[in-house]
Amino acid sequence: MSATYDQLIALLTKLHEAPPGDITPDVTYAELDVDSLTLVEISMHVERELGVSIEDNELHPDLSLGATAKLIDERLAS
Amino acid sequence: MPSADPPPEPDDRPHPSGPRAAGGRRERAAVLCGLAGWVPPRIVTNDELSQRLDTSDEWIRTRTGIGQRHFVEPGQATSDLAVEAGRRALESAGIAQVDALVVATTTPDRSCPATAPLVAHRLGLTGAAAFDVSAVCTGFVYGLASAAGLITAGVATRVLLIGADTYSAIVDPDDRTNAIIFGDGAGAVVLRAGHSEEPGAIGHFDLGSDGAGEELIIVAAGGSRQRSTPGEVSRADRHFAMQGKAVYRHAITRMSASARASLTAADWKVDEVDHFVPHQANQRILRAVADDLGLPPERCVSNVESVGNTGAASIPLALADAAARKVIEPGDRVLLTAFGGGLTWGSCLLSWPTLAPRTPSAPTTVTPVSAPAEEGGPHAS
């Protein structure tokens, strides 16, 4: 996966405890039991650290980690 | 507005780390000289809520850090809480009269008149100026600025400020989202005229608002926009509503920025702050703001586990609890920051004064759930 994915995983694991083996590009936030407020924090960190703005409704529980990294990369490229 | 007894003497010990006037000049300032908190005796545990709501103790603790909260008994109102805290704060300050009383609340006894005059009357504060401040969970910091302003403008020599809220009156008990968060309580401080260089001097306020976020934290009905007419107002509109995710984002952003503004104004560095006392919204917001500011968790004062979010009462309740536990000691540098509906936010700084231990201390954070209540309320400082 991309450097963005690695950055996303780094900040996710800082904010949410999950078994390392469970963290894959295909897993969703809901499957990792990441709640809505943690999603807000992830969004705020992405905005601050990667310079990409993500609306609260875009970062939803059924989104996968890989899809999130793709969304961020698309914003970075645009 | 004359007082019956003379004001306490200013503390003339030098305290260079306290909020200073520009250029280091001593200026008239409001100085903290009394503090107390009070919560109603009835404890509502997470397990009790779980019996009627689709939730659990683990779920509530994980998401909010709250273990219990206190509710008033039927018939008790915000003025009842305010009187208890106010009386104890006056005892803490060792005075019987003030020139002005400010009550910060979102849940006044009535739409009209303000709650403060009734509280003043019941406390025997004859003739004192009395008014309410409405800034939701920022109410205490806005109230501090108002009270300090009365003193620095020479309008008053001593002011009693009470933050009191009865959220159980406006939160729908069947609303799983909000019923787990909020509790009832009151906290109070006494401010006296002093100078900017002494311990307890309060200053470097940063206050702000953004009414574009009006609907993020709201009780829709009951005011002039949507009047409370039986049969026409929905249950949802009669009760407190909050858009959690947006509020979470704004709270972290605004509290961090406001705290930094106060620190910059005072030329304090973040690592010079001994105690960060934020509005006790929920443990996760406290942690996120402290993290954003770069403050270690142990410097963040919290009693949200024991009392929940008590609105305008939360900061003085947390201060009273921390003082009772001797977590905050004289000379410590303290940063207060709040965020609330409006949207509103605010911060200020003070160095902790020596407060006379005139009232028994009973910290909220170590009170066992089964502890018997004393004198109608277990938590005074």
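Residues numbered from 1 in each chain as written. Chains lettered and ligands numbered in written order. Predicted model: local features only at pLDDT ≥ 70, side-chain atom pairs only at ≥ 80, totals over all residues.

Chain B carries the name Beta-ketoacyl-[acyl-carrier-protein] synthase III in an unreviewed UniProt entry, which gives Streptomyces zagrosensis as its organism. As recorded by UniProt, the Subunit (unreviewed entry) comment attached to chain B reads in full: "Homodimer." Recorded under Subcellular location (unreviewed entry), the UniProt text for chain B is reproduced unchanged: "Cytoplasm". (UniProt positions renumbered as here; feature names shortened; annotations may be inferred.)

Under the annotation held in an unreviewed UniProt entry, chain A carries the name Acyl carrier protein and is attributed to Streptomyces zagrosensis.

Visitor: Just give me the short version of the UniProt feature "active site" (unreviewed entry) in chain B, but keep the residues and values in it.
Guide: All names here are of chain B. UniProt records the feature "active site" (unreviewed entry) at Cys-137, His-279 and Asn-309, using the numbering of this structure. In sequence the annotated residues extend across 173 residues, while in space they remain close, none of their C-alpha pairs exceeding 8.9 Å. Examined against the element boundaries, His-279 turns out to sit in the loop between strand 11 (275-278) and helix 9 (283-293). Every residue in contact with His-279, bar those within four places of it in the chain, is listed here: Cys-137, Ser-314, Ile-315, Ala-338, Phe-339 and Gly-340. Within the element layout of this structure, Asn-309 appears in the loop between helix 10 (304-307) and helix 11 (314-324). (Helix = DSSP H or I, 4+ residues; strand = E, 2+ residues; numbered from the N terminus. Contact = placed C-beta atoms within 7 Å.)

Visitor: Describe the pairing of strand 8 (residues 201-209) of chain B, listing the residues and the values that go with them.
Guide: Residues and elements named next belong to chain B. Sheet analysis places strand 1 (residues 28-38) next to strand 8, joined by 2 bridges and oriented antiparallel. Considered in strand 8, the bridge of Ala-30 is made with Ile-202. Pairing analysis gives 6 bridges linking strand 8 to strand 13 (residues 344-351), with the strands arranged antiparallel. The residue bridging Gly-203 from the neighbouring strand is Leu-349, located in strand 13. (Pairing = 2+ DSSP bridges.)

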